[in-house]
Amino acid sequence: MPNVDLTIIERIIDDVIKIRKTKIAELSKFEEVLTGLNSVTDSVSGILSETDFSISELSDVKNSLADFNSQNFPQKITEIKSKIAEYKNFYGKDTINIGVAGIARSGKSTFLQTVSGLNKDVIPTSDGGFCTGAKSIIYHHEGEPYAEVEFYSSEEFMREAVKKALKEIGIETNIPVTLEEFEKNPLPNCPEENKAKKMQLYNKLKAMHDNFGAFKKYINGAVEKISIDKVINFVAKNNNEGQEIHQYNAVKTVRIYTPFQTAKIKKLALIDLPGLDEIAPSIKERLVESLKNEIDIILIIRKPDSGGDDWRDNDYGIFELLSDHIEIEKMFMVLNTLDNGANLKQVNEMKKKAEDQQKDKNNKRAIVYNQLFTASCKSRDEIDEKALIPVLKFLENNILRLDAKQIGELEKKYNELLKQFKEFINKMKRESSLESEEYRDKAAYEFDKLFKDFMVKLRTNLQIFLKKQHKVCNDDTSEFVQEFKTVVAKICVEARDECIRTIPSIEEIENGMAAAKGKDTYIEEQFVEMRLKFTKVMRKIDDHLNRLINLKLVQIIEQMKSTEPLKKFFEHHISDPASISATEQLKIIVNVIKNLTTDNFQSIIYVFNKLINFNFSYDSHLHYIVREKMKLLDTYDKVEYRSEEIKTNEDVNELLAERIKQTSFDVKQAMDGLNLYPSKSLYALAEDFVDIIARDSKIEDELNILMRKVKYIFWPEKYKTIKAVAEIRRKIDVSVIAPAEKYL
């Protein structure tokens, strides 16, 4: 064992894994932005497919959207999101993974046996043919060895093993959807076109189909813990007797946990790959593609033949495939020497040739690698000293740099996409938005004139309305005031009658005084009851007040609607105003304004909310006056009702009736002095509303913006064609530009 402190390497690996996991949150932010931009592209496609662009004024808008759509952003976003998902999985690993690959009978399995201490019953070898059928990952584990087998789910098996293979073979009809269909239906014949190239994959699929019954029970998506001696049943194509077995077809990954005999480093894993020269090209490519975000380093094992050997087509094919998907910096070559040195000559010759090819920049076909080692795959010391330790030292010095390079390339593509996306969104904003300068200026003069006329008429009408209201609300002989006076008188009589009707009978008084244990206590209880009943009836004034408030708000709304543009606006959003209250009408308008565009119409909403939230009720304005006039029903001074003069039950009955009648009279007298109170409060509300509308420059500015943006609603006849154009432009603002700017 060389003089290397493995604990340092182990600590560095641990730190790298922790650092990598912090990158996941950063990648998730990228993912969130891309998801948002993807929804923007969906909106653009939706607008293009759902909109009638026959109006000539929409030609520029259509061209702008089509130009954006032609950039194929969804595909670019999907590619980067797919890469992000791969990197998130890669950085979420709890181990540093070294892949071990090679052509069949190269010594790959021997290498893994030597490192792990496992024998051929777990990591099979064969001198007569391909033996490893499924990918396995071997982890250094301090403890009793065991393994976990992860099986394909039925959906994964059909997608990855069946449908992809059929597609690559060129079979596009009668594709099985379920496991049952795959098992029961015959496999279609291999197409004649390029048949020779496709037969290897077709024969593999046919063998899988013909032997499906031998492994179908395992296709359940489960993870099963097994003993080490059972591993061969799930990774090998042949058992120890040389008989074919097929369980490996159902296996996604086998994870083996065992104490390593060399390089005993926690969080280090070796990935055992099937012989890359013995599987179908398309499967081989998918396997390597999946590896690039699973392995940190790949070791390619090659054993030169002692009888004479050279780099073969298979070798070049494997290196070309690997270099297409895995950075050359991560590729290391091990030339496997025989213990007796019988192939040392061939090892040296092939090593020199590979080194010469590396130097020859014009050589288009070469064995490519970072470093090339020579070692006996049977020797623990040689594997450690000449292969694993140099690889681990390389990782120690370079892994964070390689990670940064990987992330840097992703960030570059991500930022390029965002830049391009922003350029087209800005172009769309210039050409297709309601904010477009060209669009704004097109009818600016005409709109300004319309708006100016509108504001003059609105202010004039509101001032005329206010003068009328001043006269009505301050005249105690007006119908408005007299109606309130009549309602109050009626309710006072109703309160009186209700209380008198519920005065206890003589017999009830006698029983009540007995229960109350005294005359004074009983009378006080009755006073409290009378106060509660009287007040409850008086609250009926609210029904009238609410009607008065609604009437006044309706008058204000109608006065605003006396200007034709506001009338059109209200009618556009409220089809049946008679069926809802004035307050509800105003709430609808406020919500419409809030949701109409992305602008903030704070002053308009404020003045409408003043009307909506206006409160004039019995409890808030009148109750305290009524209570002051109910002193005859107080319970605080017994002398007030001359207790000594109340001797009989009849006296109590008479006392209660007198007090109720007098209280009703006193309340009525007090309320007569308040006849103008509700009407003046409503006038003050109207006056405040008109003052704000007529004199607040912010209101005028916001009305200008609002009416300019939806002028087709305020002046539908004038802007009939522009209505359709504006709706599309607004849709682009809300569904495309605003969301895009949120993420860019």
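Structural data are supplied above this passage.
If you're wondering where the values come from, they're calculated on a predicted model, not measured in any experiment.

A. Spotlight on the side chain of R20. For R20, the position within the fold is in helix 1 (residues 6-50). Within the local environment of R20, its side chain forms a polar contact with the side chain of D403, the two groups lying 2.7 Å apart. Beyond its immediate stretch of four places on either side in the chain, R20 contacts F90, Y91, K93, I96, D296, I399 and D403.

B. Spatial organisation of the sheet that holds strand 3 (residues 146-151). Across the sheet, 9 strands lie side by side as 4-3-5-2-6-1-7-8-9; this open sheet has mixed pairing. At either end of the open sheet lies a strand with only one pairing partner, and these are strand 4 (223-226) and strand 9 (371-375). Between one strand axis and the next, the sheet turns by 20° as a mean value, whatever way the strands run. Here strand 3 runs beside strand 5 (residues 251-258); their pairing, made up of 6 bridges, is antiparallel. Bridge pairing links A147 to I256 in strand 5.

C. Just the packing of aromatic side chains, in detail. Following the criterion strictly, the structure yields 28 aromatic pairs and no others. With a centroid separation of 6.5 Å and an interplanar angle of 90°, the aromatic rings of W311 and F319 are classed as edge-to-face. A relative accessible area of 2% means that F319 is categorised as buried. Aromatic rings pair up to connect F447, F451, F454, F569, F714 and W715 into one cluster. The ring of Y146 carries K225 above its face, with NZ or CZ at 4.5 Å from the centroid.

D. Structural context of helix 18 (residues 541-560). If you check helix 18, its first and last C-alpha atoms are 29 Å apart, about what 20 residues at 1.5 Å a residue would give, namely 28 Å. Every buried residue of helix 18 is accounted for by I541, D542, H544, L545, L548, I549, K552, L553, I556, I557, Q559 and M560.

E. Region of the structure containing the nonpolar core. By size, the foremost hydrophobic cluster in this structure holds 91 residues, and its most contacted members are M538, I541, I593, F608, M671 and F689. In this view, I593 contacts F569, F601, I604, I605, F608 and L706; residues no more than four positions away in its chain are not counted. Among the nonpolar cores identified, the runner-up in size contains 71 residues, and L112, L179, F215 and L395 belong to it.

F. Local environment of the pairing of strand 1 (residues 96-102). With 7 of 7 residues buried, strand 1 lies mostly within the body of the structure. Side-chain alternation along strand 1 places I96, I98, V100 and G102 on one buried face and N97, G99 and A101 on a second face that is also buried. As defined by bridge partners, strand 1 adjoins strand 6 (residues 268-272) across 5 bridges and the pair is classed as parallel. Each residue of the ladder has a partner; that of I96, found in strand 6, is L268. Examined bridge by bridge, strand 1 and strand 7 (residues 297-302) share 5 bridges and lie parallel to one another. Residue pairing in the sheet places G102 in a bridge with I301 of strand 7.

What counts as what
- Residues numbered from 1 in each chain as written.
- Predicted model: local features only at pLDDT ≥ 70, side-chain atom pairs only at ≥ 80, totals over all residues.
- Heavy atoms only, no water.
- Helix = DSSP H or I, 4+ residues; strand = E, 2+ residues; numbered from the N terminus.
- Polar contact = N/O pair within 3.5 Å; in protein donor to acceptor, adjacent residues only side chain to side chain.
- Contact = heavy atoms within 4.5 Å.
- Pairing = 2+ DSSP bridges.
- Axes fitted to C-alpha atoms, helices over the stretch in contact; angles between N-to-C directions.
- Phe/Tyr/Trp six-rings, centres within 6.5 Å; stacked < 30°, edge-to-face > 60°.
- Buried < 20%, exposed > 50% of the residue type's maximum accessible area, 1.4 Å probe, protein only.
- Lys NZ or Arg CZ within 6 Å of the ring centre and 35° of its normal.
- Expected span 1.5 Å × (residues − 1).
- Core = buried A, V, L, I, M, F, W, Y, C linked by side-chain atoms within 4.5 Å.

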